[in-house]
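Residues per chain, in single letters:
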Amino acid sequence: MTDLDDIFTARGSVLIAGASINGSTADIAIDETGTIAAIGEDARRAIDADIVIDGSDRLAVPGLVNTHTHAAMTLLRGYADDMLLQEWLSQKIWPLEAHLTGDDVYAGTKLACLEMIKSGTVAFNDMYFFMDRAAAAVDDMGMRATLAYGFIDLGMEEKREAEIKATEALVDHIRSLNNPRIQAAVGPHSVYTVSPEGLSWCAEYAKEQGIGIHVHLSETEKEVTDCVAQFGKRPTYLLDEYGCLTPRTVAAHCCWLDEAECRLLGERGVSASHNPASNMKLAVNRAMPYHWLKQYGANVALGTDGCSSNNNLDIFEEMKFAALLQKFAWNSPTLLPAGEAVMMATAAGARALGIGPGTLTVGAPADIVLLDARAVCNTPLYNPDSNIVYACNGGAVMTVLCGGRVLMHERTVPGEEEIIQEAAAAARSLIERAKNSA
Ligand SMILES: O=c1[nH]cnc2c1ncn2[C@@H]1O[C@H](CO)[C@@H](O)[C@H]1O
Ligand SMILES: [Zn+2]
């Protein structure tokens with residue numbers, strides 16, 4: 001077995017020896033390109049391993065994917081809780097965000113990456129500001145991410161010009177990084193913060209650049225009634241009118257959709273990001289109609305939303321909240337069974353971001369999480385999906401690989417203490433600056 005220190009610095013092929021996959025024990029071979037080369041009997045012959053990881057007493061599962069977050073909002077964790085969404089945003093969150101700097105976003109995104117790695121997430125879909133600094137954090141931490149600048153024009157032409165420039169600058173910057181794990185998306189925030197002209201520019205630009213769209217959709221009832229009052233149609237149709245619903249669109253929340261809107265999202269091949277913890281905390285008062293979205297073929301994945309409305313980034317918790325909320329809200333204990341919740345967090349998430357199958361299969365990117373099979377939450381282990389969704393949280397994650405690179409081993413992430421200290425300092429100074437200006 002490779003030593004802890006070497007495991008983070010060594011590069012090359014990796015053998016995970018004797019892990020439990022879907023109930024049977026198998027070796028996993030990962031080649032130098034970070035791809036799963038073989039699973040099972042052929043694995044030891046497939047590569048001449050540079051790194052060997054002991055997989056005994058470990059359950060191997062695909063890396064988890066967080067399809068909606070605002071990573072740097074880790075700095076706002078616990079700053080404003082227990083409020084109505086509109087007041088929470090306009091009175092607390094937006095005024096504090098006005099003081100954010102690029103350095104804050106770098107420190108906050110690094111903390112977010114640390115938190116996600118420690119709970120088994122390998123990839124995330126982010127929307128925020130100073131996204132070039134978010135990209136630097138992701139690059140440092142070795143994760144995958146799709147990064148969008150949060151485009152908000154509030155119907156003002158001057159603001160729109162600035163948002164267009166910021167969006168273009170981010171897309172150019174991310175292209176120049178040439179990091180295959182980091183991609184750009186266009187991020188029209190929502191129908192209540194972006195004008196029709198803004199939505200239409202975002203859709204055309206995304207199409208021209210061949211990149212995705214990340215948008216909030218029908219989070220609250222007010223969003224829907226305001227949209228109908230202003231534009232005479234529900235938010236889904238407004239987004240569709242301006243070209244924002246595509247197979248590369250991730251629509252976050254999707255709580256207040258009617259059946260016809262679900263059908264349209266299915267027809268357009270949109271991915272819906274379900275964020276149950278945020279939805280319950282902000283009491284948006286309606287659970288995403290998962291049954292309709294599933295029926296009409298929309299790709300439903302999972303997200304945490306930002307740390308100010310969750311207040312963590314643990315997708316294990318999100319799997320459980322999703323399964324429980326759906327059952328409770330739609331009065332059906334058979335809705336969203338454990339196996340489906342795992343698929344939402346893995347295969348559906350990977351599909352939403354276009355980062356491979358999100359499965360442990362030959363040819364897939366080696367995005368692999370090893371869970372402690374001897375943990376309390378995994379004892380007994382009749383059905384791993386059940387333990388994963390209903391019993392465990394991210395604390396059961398021992399080892400995380402992203403594209404064949406080891407990001408955490410035996411719960412150690414290199415640089416963890418500095419990341420926490422720097423984020424805590426950034427949060428303190430942010431609050432200080434906001435106070436002084438008030
Ligand atoms: O639940 C939410 N609904 C709407 N906006 C949100 C939510 N959480 C965070 N943001 C806001 O979206 C912008 C992203 O660029 C940020 O202003 C962030 O605070
Ligand atoms: Zn959000």
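Residues numbered from 1 in each chain as written. Chains lettered and ligands numbered in written order. Predicted model: local features only at pLDDT ≥ 70, side-chain atom pairs only at ≥ 80, totals over all residues. Heavy atoms only, no water.

**Quick notes on the pattern of salt bridges**
Counted only if it meets this: Salt bridge criterion: a side-chain nitrogen from Lys or Arg within 4 Å of a carboxyl oxygen from Asp or Glu. Helix numbering and strand numbering both begin at the N terminus, where a helix is a DSSP run of H or I of at least 4 residues and a strand a DSSP run of E of at least 2.
Taken as a whole and judged by the stated rule, the model has 20 salt bridges. Arg77 is paired through a salt bridge with Glu115; the nearest N and O atoms lie 3.1 Å apart. Here Arg77, found in the loop between strand S6 (64-69) and helix H3 (85-97), pairs with Glu115, found in helix H4 (residues 102-118); they are 38 residues apart in sequence, far enough to count as distant. Linking Lys118 and Glu416 is a salt bridge whose minimum nitrogen-to-oxygen distance equals 2.9 Å. Of this pair, Lys118 sits in helix H4 while Glu416 sits in helix H16 (residues 416-437), and the two are 298 residues apart along the sequence.

**Section: the site of ligand 1**
What counts, and what does not: Nearness is judged by heavy atoms alone; a residue qualifies as near a molecule or strand once a single heavy atom is within 4 Å of it. Two N or O atoms count as a polar contact when they lie within 3.5 Å, although within protein this holds only if one can serve as hydrogen donor and the other as acceptor, and sequence-adjacent residues are included solely when both atoms are side-chain atoms. Areas reported here follow the Shrake-Rupley algorithm with a probe of radius 1.4 Å; residue values treat only the protein chains shown as occluding. Under the scheme applied here, ten amino acids are nonpolar (Ala, Val, Leu, Ile, Met, Phe, Trp, Tyr, Cys and Pro), four are charged (Asp, Glu, Lys and Arg), and all others, including Gly, are polar.
Around ligand 1 there are 18 residues in total, and Trp94, Glu97, His189, Glu219 and Asp305 lie nearest to it. At 2.8 Å, a side-chain N or O of His189 approaches a nitrogen atom of ligand 1. Within the complex, 100% of the 410 Å² of free accessible area of ligand 1 lies under protein. Going through the elements one at a time, H3 and strand S7 (121-128) are the ones with two or more residues in the shell around ligand 1. Grouping the constituent residues of the shell around ligand 1 by class yields ten nonpolar, five polar and three charged.

**Observations regarding the environment of Arg77**
Formally: Relative accessible area decides the class of each residue, using a 1.4 Å probe on protein chains only: under 20% of the type maximum gives buried, over 50% gives exposed, and in between gives partly exposed. Residue contacts follow a heavy-atom distance rule, with two residues in contact if any of their heavy atoms lie within 4.5 Å.
Classification of Arg77 as partly exposed rests on a relative accessible area of 34%. In this structure the C-alpha to C-alpha distance between Arg77 and Asn311, which are 234 residues apart in sequence, comes to 6.0 Å. Not counting the four nearest positions on each side in its chain, Arg77 is found in contact with Leu111, Glu115, Cys307, Asn311 and Asn312. Separated by 3.1 Å, the side chains of Arg77 and Glu115 make a polar contact.

**Section: the packing of aromatic side chains**
Quick note on the threshold: Between the rings of Phe, Tyr and Trp (Trp by its six-membered ring), a pair exists once the centres lie within 6.5 Å; its type follows the angle of the planes, with under 30 degrees stacked, over 60 edge-to-face, and the other angles tilted.
Applying the stated criterion across every chain, the model contains five aromatic pairs. Both rings, one in Phe129 and one in Tyr149, keep their centres 6.4 Å apart while their planes meet at 70°; by these two values the pair is edge-to-face. Taken together, the residues Phe129 in the loop between S7 and helix H5 (131-141) and Tyr149 in strand S8 (residues 144-151) connect sequence positions 20 residues apart. Residue class for Phe129 comes out partly exposed when judged on its relative accessible area of 21%. Among the residues examined, Tyr149 registers a relative accessible area of 15% and is labelled buried. Note on Trp201 and Tyr205: the rings are 4.6 Å apart at their centroids and 15° apart in plane angle, and the pair reads as stacked. Taken together, the residues span about one helical turn, with Trp201 and Tyr205 both in helix H7 (residues 196-209) at a distance of four residues.

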